[in-house]
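These are the residues of each chain, in order.
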Amino acid sequence: MTCNPQLAEGWHGKLNLVYADRQGKTQLIYDRQQAPLKVQRPFYPEGEKVCHSVILHTAGGMVGGDRLSSNIHLQPQTQALITTAAASKIYRSNGLQARQSIEIQVDAGACLEWLPQETILFNDAIYRQDLRVKLATGGSWLGWEITRFGRSARGEKFLQGEWRSHTEIWQEGIPLWIDRQYLPGSEDIFHSPHALAGKPIVGSLVWVGGAVSAEIVEKTRNLWHGKGEAGVSRLQHGLLCRYRGASTSEVRNWFIDVWQMLRVSFLNRGNCIPRVWQV
């Protein structure tokens, strides 16, 4: 009998990306990829200043024992928008944890828009994601995370398994925003008003890069017209939006509206929806 060590230990995908400013154009000057992670060729739908990149997970999803490690560095004065080609799927676990670790460095005058498509946790999945962002003075970051617990269209709930999400944003050794979330799968947790309240989707959007006025907070709240629950908070150096509901399109539409408004207010950019979302 033969044993496939890849099946026993799981995939370990790696991605290392470095962006640099070359005479006003943001270029991806270094990309090292290890399957199942891959990055598509960069493109520039809104001019040379902003580099759009799409990350692919060629295995289609993660199982217990899989690991994904990404290291992304934006050198001074670079502007990048990174998204994913499709929703991330975390399959039922074999008892092992699937884990993703993302390290991001944003140098002075640089800005990263980190806009992955949603993550879908199958019932009985065990998953942890660690995202750590290091901002230089004058660097900025806007990112979101949308998670669906269970394949709702099939009537599936997240009643077994475990989800952990740890996000940290630091600037010159000072923590600007630390967010640690933990949700064990169970009937009680799924329906508890202090957890999912029967709603399968949660989302967070964070902007860190400058002081946000009360007017911007009010505009953000006025952009919300959904049926789920939504909240907006002003951070010391930015803005936080939270969502709990039952519709991926509802939270995506709100987050997109907020993102576009922040682009105009802080980044001097117009509307530009990544083409991979429109397929």
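Refer to the structure above for everything that follows.
Residues numbered from 1 in each chain as written. Predicted model: local features only at pLDDT ≥ 70, side-chain atom pairs only at ≥ 80, totals over all residues. Heavy atoms only, no water.

Draft legend 1. Representation of helix α3 (residues 214-222) in the model. Within α3 the residues assigned to the buried category are I216, V217 and T220. For α3, the angular spread of buried residues about the axis comes to 100°, placing them on one side. The inward-facing, buried residues of α3 contact β16 (229-235), β17 (238-245) and α4 (248-267). (Buried < 20%, exposed > 50% of the residue type's maximum accessible area, 1.4 Å probe, protein only. Helix = DSSP H or I, 4+ residues; strand = E, 2+ residues; numbered from the N terminus. Arc of directions from axis to C-beta. Contact = heavy atoms within 4.5 Å.)

Draft legend 2. Local environment of the sheet that holds strand β11 (residues 126-135). The seven strands are arranged β2-β1-β5-β8-β11-β13-β14 in an open sheet whose pairing can be described as mixed. The open sheet is flanked by β2 (25-34) and β14 (174-184), the only strands paired with a single partner. Adjacent strand axes in the sheet meet at a mean angle of 5°, parallel and antiparallel pairs treated alike. Pairing analysis gives eight bridges linking strand β5 (residues 67-74) to strand β8 (residues 98-106), with the strands arranged parallel. Each bridged residue has a counterpart across the sheet, and for H73 the counterpart in β8 is Q105. (Pairing = 2+ DSSP bridges. Axes fitted to C-alpha atoms, helices over the stretch in contact; angles between N-to-C directions.)

Draft legend 3. Spotlight on unusual backbone geometry. Between A35 and the following residue, P36, the backbone shows a cis peptide bond with an omega angle of 15°. If you trace the backbone, P36 turns up in the loop between β2 and β3 (37-39). Although it is not a glycine, D124 sits at a positive phi angle of roughly 80°. Relative to the assigned elements, D124 resides in the loop between β10 (119-121) and β11. In the Ramachandran plot, N268 falls in the positive-phi region, its phi being about 55° despite a non-glycine side chain. With respect to the element layout, N268 can be found in the segment after α4. Using a relative accessible area of 74% as the deciding quantity, one classes N268 as exposed.

Draft legend 4. Structural context of the packing of aromatic side chains. Scanning the model with the defined rule gives eleven aromatic pairs in all. Ring centres 5.7 Å apart and planes at 65° place the aromatic pair W224 and Y243 in the edge-to-face group. Taken together, the residues span a long stretch of sequence, with W224 in the loop between α3 and β16 and Y243 in strand β17 at a distance of 19 residues. Y243 shares its class with W224; the two are buried. Measuring from ring centre to ring centre gives 5.6 Å for W254 and F255, while their planes differ by 40°; the resulting arrangement is tilted. As far as the burial class goes, W254 and F255 line up, both buried. In this structure, R275 is placed above the aromatic ring of F43, and the distance from its NZ or CZ to the ring centre is 3.9 Å. (Phe/Tyr/Trp six-rings, centres within 6.5 Å; stacked < 30°, edge-to-face > 60°. Lys NZ or Arg CZ within 6 Å of the ring centre and 35° of its normal.)

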